[in-house]
Amino acid sequence: MKYILLVSHGTMAQGVHSVLEMLVGEGREDILSTSLKNGMGADEFAENVRQCVSVVKEEDELLVFADLIGGSPLTTTANVLAEEGLLGRTTMVGGMNLPLVVSAVVAKDSMESGALVDGLIPEAREALKRFTVAVSESEDEI
(Lines give C-alpha, C1' and ligand atoms only; values in the text may rest on other atoms or scores of the structure.)
Protein backbone atom coordinates (compact mmCIF):
# COMPACT_ATOMS: atom_id res chain seq x y z
CA MET A 1 0.00 0.00 0.00
CA LYS A 2 1.06 3.58 -0.55
CA TYR A 3 0.30 5.76 2.47
CA ILE A 4 0.00 9.53 2.60
CA LEU A 5 1.19 11.23 5.80
CA LEU A 6 0.29 14.87 6.39
CA VAL A 7 2.35 16.81 8.97
CA SER A 8 2.16 20.46 9.94
CA HIS A 9 2.31 23.17 12.53
CA GLY A 10 -0.98 23.87 14.30
CA THR A 11 -3.91 21.87 12.97
CA MET A 12 -3.34 22.28 9.23
CA ALA A 13 -2.62 18.57 8.68
CA GLN A 14 -5.83 17.46 10.40
CA GLY A 15 -7.76 20.17 8.55
CA VAL A 16 -6.48 18.96 5.17
CA HIS A 17 -7.19 15.40 6.28
CA SER A 18 -10.77 16.37 7.14
CA VAL A 19 -11.29 18.00 3.73
CA LEU A 20 -9.83 14.94 2.01
CA GLU A 21 -12.44 12.80 3.74
CA MET A 22 -15.13 15.05 2.27
CA LEU A 23 -13.64 14.89 -1.23
CA VAL A 24 -12.23 11.37 -1.59
CA GLY A 25 -14.09 9.36 1.04
CA GLU A 26 -14.19 8.89 4.79
CA GLY A 27 -12.36 6.25 6.75
CA ARG A 28 -9.46 5.80 4.34
CA GLU A 29 -6.70 3.89 6.07
CA ASP A 30 -4.11 5.14 3.58
CA ILE A 31 -4.29 8.77 4.79
CA LEU A 32 -2.54 9.61 8.06
CA SER A 33 -2.01 12.96 9.79
CA THR A 34 -0.48 14.58 12.83
CA SER A 35 0.47 18.10 13.84
CA LEU A 36 2.94 19.91 16.02
CA LYS A 37 0.60 21.88 18.23
CA ASN A 38 1.50 25.01 20.17
CA GLY A 39 3.39 24.09 23.34
CA MET A 40 4.04 20.50 22.19
CA GLY A 41 7.60 19.27 22.51
CA ALA A 42 9.56 17.64 19.72
CA ASP A 43 9.61 14.30 21.55
CA GLU A 44 5.82 14.19 21.81
CA PHE A 45 5.44 15.10 18.14
CA ALA A 46 8.00 12.45 17.17
CA GLU A 47 6.02 9.85 19.13
CA ASN A 48 2.83 10.91 17.30
CA VAL A 49 4.63 10.43 13.97
CA ARG A 50 5.86 7.02 15.14
CA GLN A 51 2.30 6.00 16.00
CA CYS A 52 1.03 7.19 12.61
CA VAL A 53 3.61 5.21 10.65
CA SER A 54 3.33 2.09 12.80
CA VAL A 55 0.85 0.74 10.22
CA VAL A 56 3.41 0.97 7.39
CA LYS A 57 4.70 -2.49 6.53
CA GLU A 58 7.94 -3.52 4.82
CA GLU A 59 6.34 -3.64 1.36
CA ASP A 60 4.56 -0.28 1.73
CA GLU A 61 5.58 3.20 0.58
CA LEU A 62 5.02 6.58 2.16
CA LEU A 63 4.32 10.00 0.66
CA VAL A 64 4.84 12.77 3.23
CA PHE A 65 3.35 16.22 2.75
CA ALA A 66 4.38 18.98 5.17
CA ASP A 67 3.40 22.60 5.52
CA LEU A 68 6.95 24.01 5.29
CA ILE A 69 10.32 22.90 3.95
CA GLY A 70 12.78 22.94 6.85
CA GLY A 71 10.06 23.29 9.50
CA SER A 72 10.10 21.19 12.66
CA PRO A 73 7.23 18.90 11.55
CA LEU A 74 9.05 17.88 8.36
CA THR A 75 12.52 17.59 9.86
CA THR A 76 11.28 15.66 12.90
CA THR A 77 9.25 13.38 10.62
CA ALA A 78 12.34 12.73 8.48
CA ASN A 79 14.32 11.81 11.61
CA VAL A 80 11.61 9.43 12.81
CA LEU A 81 11.35 7.81 9.39
CA ALA A 82 15.12 7.31 9.34
CA GLU A 83 15.02 5.74 12.82
CA GLU A 84 12.16 3.45 11.74
CA GLY A 85 13.96 2.36 8.54
CA LEU A 86 11.30 3.96 6.31
CA LEU A 87 13.26 6.79 4.72
CA GLY A 88 14.28 4.72 1.69
CA ARG A 89 10.61 4.09 0.87
CA THR A 90 9.49 7.66 1.44
CA THR A 91 9.01 10.66 -0.85
CA MET A 92 8.64 13.99 0.99
CA VAL A 93 7.18 17.32 -0.13
CA GLY A 94 7.22 20.62 1.74
CA GLY A 95 4.73 23.37 1.04
CA MET A 96 1.57 21.28 0.93
CA ASN A 97 -1.67 22.69 -0.34
CA LEU A 98 -5.06 21.09 -0.85
CA PRO A 99 -4.93 20.69 -4.67
CA LEU A 100 -1.54 18.98 -4.35
CA VAL A 101 -2.73 16.50 -1.74
CA VAL A 102 -6.07 15.75 -3.45
CA SER A 103 -4.26 14.97 -6.69
CA ALA A 104 -1.75 12.81 -4.81
CA VAL A 105 -4.50 10.77 -3.15
CA VAL A 106 -6.32 10.24 -6.44
CA ALA A 107 -3.23 9.32 -8.49
CA LYS A 108 -0.89 7.69 -5.95
CA ASP A 109 -1.63 4.10 -6.91
CA SER A 110 -1.18 4.64 -10.63
CA MET A 111 2.35 6.07 -10.64
CA GLU A 112 5.76 5.67 -9.07
CA SER A 113 6.04 8.09 -6.14
CA GLY A 114 8.93 10.18 -7.46
CA ALA A 115 7.33 10.67 -10.86
CA LEU A 116 3.99 11.42 -9.22
CA VAL A 117 5.45 14.18 -7.06
CA ASP A 118 7.45 15.60 -9.98
CA GLY A 119 4.20 15.95 -11.91
CA LEU A 120 2.12 17.22 -9.03
CA ILE A 121 4.35 20.09 -7.93
CA PRO A 122 3.89 22.14 -11.13
CA GLU A 123 0.15 21.35 -11.03
CA ALA A 124 -0.07 22.59 -7.42
CA ARG A 125 1.78 25.79 -8.32
CA GLU A 126 -0.60 26.36 -11.21
CA ALA A 127 -3.55 26.00 -8.83
CA LEU A 128 -2.47 29.20 -7.06
CA LYS A 129 -4.25 32.07 -8.73
CA ARG A 130 -5.63 35.43 -7.78
CA PHE A 131 -9.40 35.32 -7.51
CA THR A 132 -11.18 38.52 -8.43
CA VAL A 133 -14.82 39.40 -8.65
CA ALA A 134 -15.92 42.13 -11.00
CA VAL A 135 -17.85 44.79 -9.15
CA SER A 136 -20.19 46.98 -11.11
CA GLU A 137 -21.03 50.40 -9.82
CA SER A 138 -24.66 51.30 -9.97
CA GLU A 139 -25.91 54.82 -10.45
CA ASP A 140 -28.76 54.03 -8.05
CA GLU A 141 -26.47 53.67 -5.00
CA ILE A 142 -27.22 56.04 -2.15
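Thresholds applied
Residues numbered from 1 in each chain as written. Predicted model: local features only at pLDDT ≥ 70, side-chain atom pairs only at ≥ 80, totals over all residues. Heavy atoms only, no water. Helix = DSSP H or I, 4+ residues; strand = E, 2+ residues; numbered from the N terminus. Buried < 20%, exposed > 50% of the residue type's maximum accessible area, 1.4 Å probe, protein only. Pairing = 2+ DSSP bridges. Axes fitted to C-alpha atoms, helices over the stretch in contact; angles between N-to-C directions. Contact = heavy atoms within 4.5 Å. Salt bridge = Lys/Arg side-chain N within 4 Å of Asp/Glu carboxyl O. Right-handed = clockwise from strand over helix to strand, strands pointing away.

Before we move on, could you go through the environment of V53 and cite the residues and values that matter?
The topology assignment puts V53 in helix α2 (residues 42–53). By relative accessible area, which is 3% here, V53 ends up buried. Sequence separation of V53 and R28 is 25 residues, and the distance between their C-alpha atoms is 15 Å.

Describe the sheet that holds strand β4 (residues 90–94), naming the residues involved and giving the relevant values.
Reading across the sheet, the four strands line up as β2-β1-β3-β4 and stay open at both edges, with parallel pairing between neighbours. What marks the edges here is a single partner per strand, and that holds for β2 (31–36) and β4. Between one strand and the next, the sheet's axes are offset by a mean angle of 15 degrees, whatever the strand orientation. Across five bridges, the pairing between strand β3 (residues 61–66) and β4 is parallel. From the neighbouring strand, F65 faces β4, where its bridge partner is V93. Against the sheet, α2 engages β1 (2–9), β2 and β3, with an angle of about 175 degrees to β2.

Talk me through the pattern of salt bridges; I want residue IDs and the actual numbers.
Throughout the structure, instances matching the rule amount to seven salt bridges. Residues R28 and D30 are paired through a salt bridge, measuring 2.6 Å at the closest nitrogen-oxygen approach. Looking at R28, the relative accessible area reads 28%, which means it is partly exposed. A relative accessible area of 8% means that D30 is categorised as buried. Two residues, E47 and R50, come together in a salt bridge whose shortest N-O distance is 3.7 Å. Taken together, the residues span about one helical turn, with E47 and R50 both in helix α2 at a distance of three residues. It is possible to trace a salt-bridge network through shared partners that takes in R28, D30, K108 and D109.

Outline the side chain of K108, listing residues and values.
Note on placement: K108 falls in the loop between α4 (98–107) and α5 (113–126). A residue is classified by how much of its surface remains accessible, and K108, at 1% relative accessible area, is buried. Sequence-distant contacts of K108, defined by excluding residues within four places in its chain, comprise K2, I4, R28, D30, L63 and L116.

Break down the pairing of β3 for me, with residues and values.
With respect to burial, β3 is a largely interior element, five of its six residues being buried. Note: β1 against β3, six bridges, orientation parallel. Opposite Y3, over in β3, you have L62 as the bridge partner. With respect to chirality, the unit in which β3 leads through helix α3 (residues 72–83) into the neighbouring parallel β4 is right-handed.

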